[in-house]
Amino acid sequence: MADNKRNNIKTSEVDYKDRLVSIQRVTKVTKGGRTFSFSAIVVVGNEAGIVGYGLGKAKEVTSAIAKGVDDAKKHLIKVPIYKGTLPHEQTGKYSGAEVFIKPASHGTGVIAGGAMRAVLESVGVTDVLAKSKGSSNPHSVVKATFDALSKLRDPRYIAELRGVSLDKVFNG
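If you're wondering where the values come from, they're calculated on a predicted model, not measured in any experiment. (Residues numbered from 1 in each chain as written. Predicted model: local features only at pLDDT ≥ 70, side-chain atom pairs only at ≥ 80, totals over all residues. Heavy atoms only, no water.)

Trainee: Help me understand the side chain of lysine 143, please; the structure alone is not making it clear to me.
Mentor: Along the polypeptide, lysine 143 turns up in helix α3 (residues 138–151). Among buried charged residues, lysine 143 stands out as having no salt bridge; its nearest opposite-charge side chain is aspartate 71, 8.8 Å away. Residues in contact with lysine 143, not counting those within four places in the same chain, are Tyr53 and Tyr94. (Helix = DSSP H or I, 4+ residues; strand = E, 2+ residues; numbered from the N terminus. Buried < 20%, exposed > 50% of the residue type's maximum accessible area, 1.4 Å probe, protein only. Lys, Arg positive; Asp, Glu negative; His and termini not counted. Salt bridge = Lys/Arg side-chain N within 4 Å of Asp/Glu carboxyl O. Contact = heavy atoms within 4.5 Å.)

Trainee: For this particular structure, what's the right way to read the nonpolar core?
Mentor: Core analysis: the largest hydrophobic core is formed by 26 residues, its most contacted members being Ile101, Leu120 and Leu149. Secondary-structure elements contributing two or more residues to this core are β2 (33–45), β6 (97–103), α2 (114–123), β8 (128–134) and α3. With six residues, α3 is the largest single contributor of residues to this core. Among residues more than four places away in sequence, those in contact with leucine 120 are Ile101, Val110, Ala112, Val125, Val128, Ala130 and Leu149. Val42, Ala64, Val69 and Leu76 belong to the second-largest nonpolar core, a separate cluster that totals 10 residues. (Core = buried A, V, L, I, M, F, W, Y, C linked by side-chain atoms within 4.5 Å.)

Trainee: Sorry if this is basic, but what is going on with the sheet that holds strand β5 (residues 90–94) here?
Mentor: Note on sheets: strands pair through backbone hydrogen bonds, and any given pair is parallel or antiparallel. Taken in spatial order, the four strands make up an open sheet running β5-β6-β8-β7, and their pairing is mixed. Edge positions in the sheet fall to β5 and β7 (110–111), since each of these pairs with one other strand and no more. Relative to β8, β7 runs parallel, the two sharing two bridges. Bridged to isoleucine 111 within β8 is leucine 129. Strands β6, β7 and β8 of the sheet are contacted by α2, whose axis makes an angle of about 145° with β8. (Pairing = 2+ DSSP bridges. Axes fitted to C-alpha atoms, helices over the stretch in contact; angles between N-to-C directions.)

Trainee: Just to check I follow, could you spell out the pairing of β8 for this structure?
Mentor: In summary, the side chains of a regular strand alternate between the two faces of the sheet. Where β6 meets β8, seven bridges bridge the pair, whose relative direction is antiparallel. When the bridges of β8 are listed, phenylalanine 100 appears paired with lysine 131. Taken together, β7, α2 and β8 form a β-α-β motif whose crossover is left-handed. (Right-handed = clockwise from strand over helix to strand, strands pointing away.)

Trainee: Sorry if this is basic, but what is going on with the pairing of strand β3 (residues 50–58) here?
Mentor: In the sheet, β2 pairs with β3 via eight bridges, with the strands oriented antiparallel. Note on β3: the bridge partner recorded for phenylalanine 38 is alanine 58. The turn joining β2 and β3, which pair antiparallel and follow one another in sequence, is formed by four residues; a positive phi near 60° is taken by glutamate 47. Across three bridges, β3 lies against strand β4 (residues 76–78) in antiparallel orientation. Residue pairing in the sheet places valine 51 in a bridge with isoleucine 77 of β4.

Trainee: Quick question: what am I supposed to make of the confidence of the model for the protein here?
Mentor: Parts of the prediction with low pLDDT should not have their coordinates interpreted in detail. The share of residues in the protein with pLDDT of 70 or more is 92%, and the mean pLDDT across the chain is 90. In the model, residues 1–6 has pLDDT below 50 throughout and makes 10 contacts with residues more than four positions away in sequence or in other chains. (pLDDT = per-residue confidence, 0-100.)

Trainee: Where do I start with the packing of aromatic side chains in this structure?
Mentor: Remark: the centre distance and the inter-plane angle together describe each pair of aromatic rings, the angle taken between the planes. On inspection of all chains with the given rule, the structure shows one aromatic pair. A cation over an aromatic ring shows up here: arginine 25 above the ring of phenylalanine 36, its NZ or CZ 4.2 Å from the ring centre. (Phe/Tyr/Trp six-rings, centres within 6.5 Å; stacked < 30°, edge-to-face > 60°. Lys NZ or Arg CZ within 6 Å of the ring centre and 35° of its normal.)

Trainee: Help me out: how do you make sense of the pattern of salt bridges in this one?
Mentor: Summed over the entire model, instances satisfying the criterion amount to six salt bridges. For glutamate 47, the salt bridge goes to arginine 19, with nearest N and O atoms at 3.6 Å. In this pair, glutamate 47 is assigned in the loop between β2 and β3 and arginine 19 in strand β1 (residues 17–30), connecting sequence segments 28 residues apart. In this structure glutamate 47 comes out as partly exposed when scored by relative accessible area, which is 34%. Look at arginine 19 and you get partly exposed, because its relative accessible area is 24%. Ionic contacts of the salt-bridge type, sharing partners, join the residues Lys17, Arg19, Glu47, Arg117 and Glu121 into one network.

See the structure below:
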């Protein structure tokens with residue numbers, strides 16, 4: 001299910017909001033001295049279940065962000081959202097970062113920090129509990145969050161597979 005979610009979303013139809021997660025000044029040392037440029041990680045989403053992240057690098061901050069937004073629009077995934085929260089708890093891992101996301105009751109809000117908050121708000125989740133363990137590197141945390149989100153399964157699809165009602169999926 002996760003494999004066919006990637007790269008089948010048309011970017012021209014939807015208006016995406018972009019969020020800058022991190023920007024860093026990076027240096028390349030050459031014979032003539034140091035060359036400075038900027039590296040940006042950006043998350044875009046329509047706040048209705050579609051989200052993507054991208055990396056951009058350029059000599060100017062605005063150009064790096066623009067490149068990151070373009071890259072993010074090429075790497076979109078569809079995330080199942082059920083009543084403003086996630087259908088079930090999930091863990092994700094990338095490199096040294098590990099994240100845990102858990103559905104929350106209505107009115108809880110997005111309880112997540114830094115890079116995870118940007119991703120979860122961009123996807124359109126309004127109530128969620130999240131914990132980041134291990135590395136706090138924004139690049140790794142964003143990729144671990146995407147790993148967790150891509151593993152989520154749609155409750156309607158699960159109910160259809162099992163041949164039961166949607167209430168029975170959640171109540172056991």
